[in-house]
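# A closer look at the structure
Here is how the chains run, residue by residue.
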Amino acid sequence: MSFNPLNEKPIKESDWFDDWKKLYPKAYDKNAVDPYTKVRIILMNGTEFEQSGFYHNFARHCTDNELRRQIALIRRSDQQQQKRISYLKPIDETILETTIAYEQLAVDLTALMARRERDAYVKKSLDFALLEDFDHLYRYSDLLEMEQGVLGEKLVGGYTEIMPGRPTIAEHRHPFDDVRRGINNKTADPLTKLQTAIITAAEQQTMNYYMNVGTFYQGSDLGRRLYMEIAMIEEQHVTQYESLMDSSATWLECALMHEYAECYLYYSMLEDETEESVRLIWEAHLRQEIAHLHKVAELLKKYEKKDARELLNGGEFPELIAFNKNAEANKTYIRNILARTVTNSAMLEEIVPLKSLPENYEFFKYNDKVNRSPAYVASHDVIDKYILECGEDYRFEEQPHPVKSLRNRLVDNIDIGRKP
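Okay, so let's go over this structure. (Residues numbered from 1 in each chain as written. Predicted model: local features only at pLDDT ≥ 70, side-chain atom pairs only at ≥ 80, totals over all residues. Heavy atoms only, no water.)

In this section: the overall build of the protein chain. Along the protein chain, the regular secondary structure elements total 14 helices and 2 strands. Here the C-alpha atoms of the protein chain give a radius of gyration of 21 Å, agreeing with the 22 Å that 2.2 N^0.38 yields for 420 residues. In terms of overall dimensions, the protein chain has a C-alpha envelope of 60 × 50 × 40 Å along the principal axes. A total of 420 residues make up the protein chain; the buried ones form 59% of that total. Taking the contacts inside the protein chain whose residues are at least 6 apart along the sequence as the reference set, 84% of them involve residues at least 24 apart. (Helix = DSSP H or I, 4+ residues; strand = E, 2+ residues; numbered from the N terminus. Rg over C-alpha atoms; globule rule 2.2 N^0.38 Å. Buried < 20%, exposed > 50% of the residue type's maximum accessible area, 1.4 Å probe, protein only. Contact = heavy atoms within 4.5 Å.)

Right, here's the structure in full:
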């Protein structure tokens, strides 16, 4: 069913805000909730984090106090939404258990987007980071089982396989090689514009989470080190995805796309959600976001004399994000991308096979610098320790690994994607 938020009647500004009782929701039961409900919650929490951060930066680059007041009004409503979503997480869910849901989101959202992306360059960028987040899920899952006795396959509900991707040790690239070419909002497909905005927000939230919780992890120094290392890769992913966005857009044009993306996501989550209490939250937030979108459309008209419908290609939503119905197709897609591109690396704006890099290229210098002692690289160390304790690594594979050199469960391959 098609939906256009610009055709909807916005609610009154007085209905943008709720009292404390409404803001503090009943948390989900971590032992009973569908894993994709947790994934949706993390995605929408990240979307609200992105929105708040964007509007604060907008205000810091704005000299018109009346416009600042309008930004503050919208931002306050977004902050309430973020609090309600964030507190759906229960007290008894550990940092590491939540982390598995973060990585499941990164894997399945990226795969879903890549499968339908029409811009070949953007698709290649999605495929590239996909295999790295896939590997993070594997590393964190081994740590989880080793230190907390919890099987990752139960947390992901069998929706997502758990096995090595492009090894994390091979992901550490020189900063220059994570910057991509930006799209042009005037010519880009509407879905591409939405997807670059959404994946940037999602990866930004993952980076922020690891930056903050790593030092609070109490399981071991090894776990703290793993968060430190993977947080650095998330910084690389945010660099990649934000550089895909059209940086020539004005602040108000960006605000319009942020609001439109939020409307699109809340409508997608509402249509996809299986937990009724959470569906009610998505429905309430959608109504608020439609009002925010209309408010920004008015500001765009007032300050820049631009029409929101023209910038949003009319405003009708493209195909929605649906996690449950895409789970099996995502598994097949990830296996195919692994088989074809696991040894890919990057050279400035281009994603290329590792073997095509010059011998003295910066990737090798930088990677060797940060991984001077591979035995101390946390992502490698965690698998080594697991194999030492249990005889083989922890995986959840439905078939043999599609990459032959990654099938051996008795050793962690630290050369693939790193050594020519």
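The next subject is the nonpolar core. Leu-43, Phe-58, Leu-109, Ile-198, Trp-282, Ile-321 and Phe-323 are the most contacted members of the largest nonpolar core, which totals 113 residues. When near neighbours in sequence (up to four residues on either side) are disregarded, Ile-198 contacts Leu-43, Leu-109, Met-113, Ala-261, Tyr-264, Leu-265 and Ile-321. Val-352, Leu-354, Phe-363 and Phe-364 belong to the second largest nonpolar core, which has 6 residues in total. (Core = buried A, V, L, I, M, F, W, Y, C linked by side-chain atoms within 4.5 Å.)

Further remarks concern the packing of aromatic side chains. Scanning all chains against the criterion turns up 21 aromatic pairs. Seen from their ring centres, Tyr-36 and Tyr-159 are 4.2 Å apart, and the 5° between their planes marks the pair as stacked. On the criterion of sequence distance, the pair formed by Tyr-36 in helix H2 (residues 35-60) and Tyr-159 in the loop between helix H6 (152-155) and helix H7 (190-213) is long-range, its members being 123 residues apart. Tyr-36 sits in the buried class, given a relative accessible area of 0%. Aromatic rings pair up to connect Tyr-102, Tyr-140, Tyr-209, Tyr-210, Tyr-217 and Tyr-227 into one cluster. Sitting above the plane of the Tyr-121 ring, Arg-181 keeps its charged end 4.0 Å from the centroid. The lysine or arginine in question, Arg-225, covers the ring of Tyr-376, its NZ or CZ lying 3.9 Å from the ring centre. (Phe/Tyr/Trp six-rings, centres within 6.5 Å; stacked < 30°, edge-to-face > 60°. Lys NZ or Arg CZ within 6 Å of the ring centre and 35° of its normal.)

Where H2 contacts helix H3 (residues 65-86), the two axes come as close as 9 Å, and the packing angle between them is 160°. In this view, H2 runs roughly antiparallel relative to H3, as classed from their interaxial angle. Along this stretch, H2 crosses H3, giving a crossing that reads as left-handed. Side by side, H2 and H3 meet where Ile-41, Met-44, Asn-45, Glu-48, Phe-49, Gln-51, Ser-52, Tyr-55, His-56, Phe-58 and Ala-59 of the first sit next to Leu-67, Arg-68, Ile-71, Ile-74, Arg-75, Asp-78, Gln-79, Gln-81, Gln-82, Ile-85 and Ser-86 of the second. Here the contact of H2 with H3 is composed, by residue class, of 10 nonpolar, 8 polar and 4 charged. (Axes fitted to C-alpha atoms, helices over the stretch in contact; angles between N-to-C directions. Parallel < 35°, antiparallel > 145°, perpendicular 65-115°, else oblique. Left-handed = near helix turned anticlockwise from the far one by under 90°. Nonpolar A, V, L, I, M, F, W, Y, C, P; charged D, E, K, R; others polar.)

Let's shift gears to the pattern of salt bridges. Under the counting rule described, the total for this entry stands at 30 salt bridges. Notably, a salt bridge pairs Glu-93 with Lys-38, separated by 3.7 Å at the nearest N-O pair. Of this pair, Glu-93 sits in the loop between H3 and helix H4 (95-116) while Lys-38 sits in helix H2, placing them 55 residues apart in sequence. According to the relative accessible area criterion, Lys-38 is buried, its value standing at 4%. (Salt bridge = Lys/Arg side-chain N within 4 Å of Asp/Glu carboxyl O.)

For strand S1 (residues 344-347) and strand S2 (residues 350-353), the ladder comprises 4 bridges, and the chain directions are antiparallel. Bridging from a neighbouring strand, Ala-346 pairs with Ile-351 of S2. Following S1, the chain reverses through 2 residues before pairing antiparallel with S2; Leu-348 in that reversal takes a positive phi of roughly 50°. (Pairing = 2+ DSSP bridges.)

Here the focus is the packing of helix H5 (residues 120-148) against helix H12 (residues 327-341). A packed helix pair is summarised by two numbers, namely the angle formed by the two axes and the spacing between the axes. For the pair H5 and H12, the least separation of the axes is 10 Å and the interaxial angle reads 95°. Considering the angle they form, H5 stands roughly perpendicular to H12. Contacts from Lys-123, Asp-127, Leu-130, Leu-131 and Phe-134 in H5 reach Tyr-333, Ile-334, Ile-337, Leu-338 and Thr-341 in H12. Within the contact of H5 with H12, the residues separate by chemical class into 7 nonpolar, 1 polar and 2 charged.

Its location among the elements puts Thr-215 in the loop between H7 and helix H8 (221-244). With relative accessibility at 53%, the residue Thr-215 sits in the exposed group.

Okay, helix H10 (residues 276-304) next. Taking 1.5 Å of rise per residue, 29 residues should cover 42 Å, and H10 covers 41 Å from first to last C-alpha, within 8% of that figure. Of the residues trailing H10, Lys-305 is marked for its positive phi of about 55°. (Expected span 1.5 Å × (residues − 1).)

Let's shift gears to the environment of Leu-151. Relative to the assigned elements, Leu-151 resides in the loop between H5 and H6. For Leu-151, the contacting residues outside a window of four places in its chain are Glu-145 and Tyr-394.

Function cannot be inferred from these measures alone, as they are strictly geometric.
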